[in-house]
Amino acid sequence: MVATTLVDRAVLRLSGEDVRGFLQGLVSADVALVAAGAPAWAGLLTPQGKALFDFLLWAEGEDILVDCEAAAAEALVRRLSLYRLRRPIMIVRDLALGVHWAPEGKEGVPDPRLDALGRRWIAAPGEAAAGWRELRLLHGVTEGVAELGSDKTLWLEANARELHGVSFTKGCYVGQENTARMHHRSKVNRRLIVVHA
């Protein structure tokens, strides 16, 4: 058995009426473009445009699967539930699914942030993969609360533009105003980078 499961990741399932419309008004990526075999990296931001959570969105029929940091999964469920209000949308952690990664091969699809990050897919969990974090940091890609902080880093400072994690054409979402202003005025004064020590 090949060890491919990213054990520090979790899968949330969003199902119900107009899940895409619900997420479209919340997250930084264009949810309309998420399709089978075409995931998207996105952020859920503060109104000031700072990262609270980052995750990948996957389409599964009418449902959306959220590939997120396992340590932050419950907090993300609570935050999304706050925005849900009375909408008939279910948000649950899907324990039958895990996030898989391989540096190369034919399974899965290229990571939507950067092709050099290898291939990724969602399936039943298996044995823990090795080498993911090292490869990701080698290419300067940060993720999760430990690296991005929570309400600490502006989304564009997290290289969201360079890693395809933001849409400037889809319309409003939480944190959009400040994010768009920074982009159009070219006012990204800092960016996260990985320093080899």
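Below you will find a few notes about this structure. (Residues numbered from 1 in each chain as written. Predicted model: local features only at pLDDT ≥ 70, side-chain atom pairs only at ≥ 80, totals over all residues. Heavy atoms only, no water.)

### Describing the pattern of salt bridges
Summed over the entire model, instances satisfying the criterion amount to 13 salt bridges. Across the pair Asp 111 and Arg 120 runs a salt bridge whose closest N-O atoms are separated by 3.4 Å. The partner of Glu 162 in a salt bridge is Arg 161, and the shortest N-O contact between them spans 3.7 Å. The network of salt bridges with common partners includes Arg 9, Asp 67, Asp 111, Arg 113, Arg 120, Arg 136, Glu 143 and Glu 147. (Salt bridge = Lys/Arg side-chain N within 4 Å of Asp/Glu carboxyl O.)

### Things to note about helix H2 (residues 73-84)
With 12 residues, H2 should cover 16 Å at 1.5 Å per step; its first-to-last C-alpha distance of 16 Å lies within 8% of that length. Looking only at H2, the buried set comprises Ala 73, Leu 76, Val 77 and Leu 80. Projected down its long axis, H2 shows its buried positions confined to an angular sector of 100°, all on one face. Facing away from the buried surface of H2 by more than 90 degrees, the exposed residues are Arg 78 and Leu 82. If you follow the buried residues of H2, they end up packed against strand E1 (9-16), helix H1 (19-24), strand E2 (40-45), strand E3 (51-60), strand E4 (63-69) and strand E5 (89-93). Two residues or fewer past H2, Leu 85 is found with a positive phi of approximately 55°. (Helix = DSSP H or I, 4+ residues; strand = E, 2+ residues; numbered from the N terminus. Expected span 1.5 Å × (residues − 1). Buried < 20%, exposed > 50% of the residue type's maximum accessible area, 1.4 Å probe, protein only. Arc of directions from axis to C-beta. Contact = heavy atoms within 4.5 Å.)

### Digging into the side chain of Arg 119
Relative to the assigned elements, Arg 119 resides in strand E8 (residues 119-123). An unpaired buried charge is present at Arg 119: no salt bridge exists, and Asp 115, the closest side chain of opposite charge, is 7.5 Å distant. Excluding anything up to four places from it in sequence, Arg 119 contacts His 100, Trp 101, Ala 102, Glu 104, Gly 105, Lys 106, Glu 107, Gly 108, Val 109 and Pro 110. (Lys, Arg positive; Asp, Glu negative; His and termini not counted.)

### Some thoughts on the nonpolar core
Within the largest apolar cluster, 29 residues are counted, with the highest numbers of intra-cluster contacts made by Leu 14, Leu 23, Phe 55, Leu 57 and Leu 76. Beyond its immediate sequence surroundings of up to four residues, Leu 23 is in contact with Leu 14, Val 31, Leu 57, Ile 64, Leu 80 and Lys 170. Listed in part, the 26 residues of the second largest apolar core include Leu 45, Leu 65, Val 109 and Leu 156. (Core = buried A, V, L, I, M, F, W, Y, C linked by side-chain atoms within 4.5 Å.)

### Side note on the environment of Gln 48
By the element assignment, Gln 48 lies in the loop between E2 and E3. What makes Gln 48 partly exposed here is its relative accessible area of 47%. Placed 146 residues apart in sequence, Gln 48 and Val 194 show a C-alpha to C-alpha distance of 25 Å. In this structure Gln 48 touches Leu 154 and Asn 178, once residues within four positions along its chain are discounted.

### A look at the sheet that holds E2
Within the open sheet, the five strands sit side by side as E2-E3-E4-E1-E5. Their pairing is antiparallel. Each end of this open sheet is capped by a strand with a single partner; those strands are E2 and E5. Adjacent strand axes in the sheet meet at a mean angle of 30°, parallel and antiparallel pairs treated alike. Bridge count for E1 against E5 is five bridges, and the pairing is antiparallel. For Gly 16, the partnering residue across the bridge sits in E5 and is Ile 89. In this fold H2 packs onto E1, E2, E3, E4 and E5, with an angle of close to 175° to the strand it touches most, E5. (Pairing = 2+ DSSP bridges. Axes fitted to C-alpha atoms, helices over the stretch in contact; angles between N-to-C directions.)

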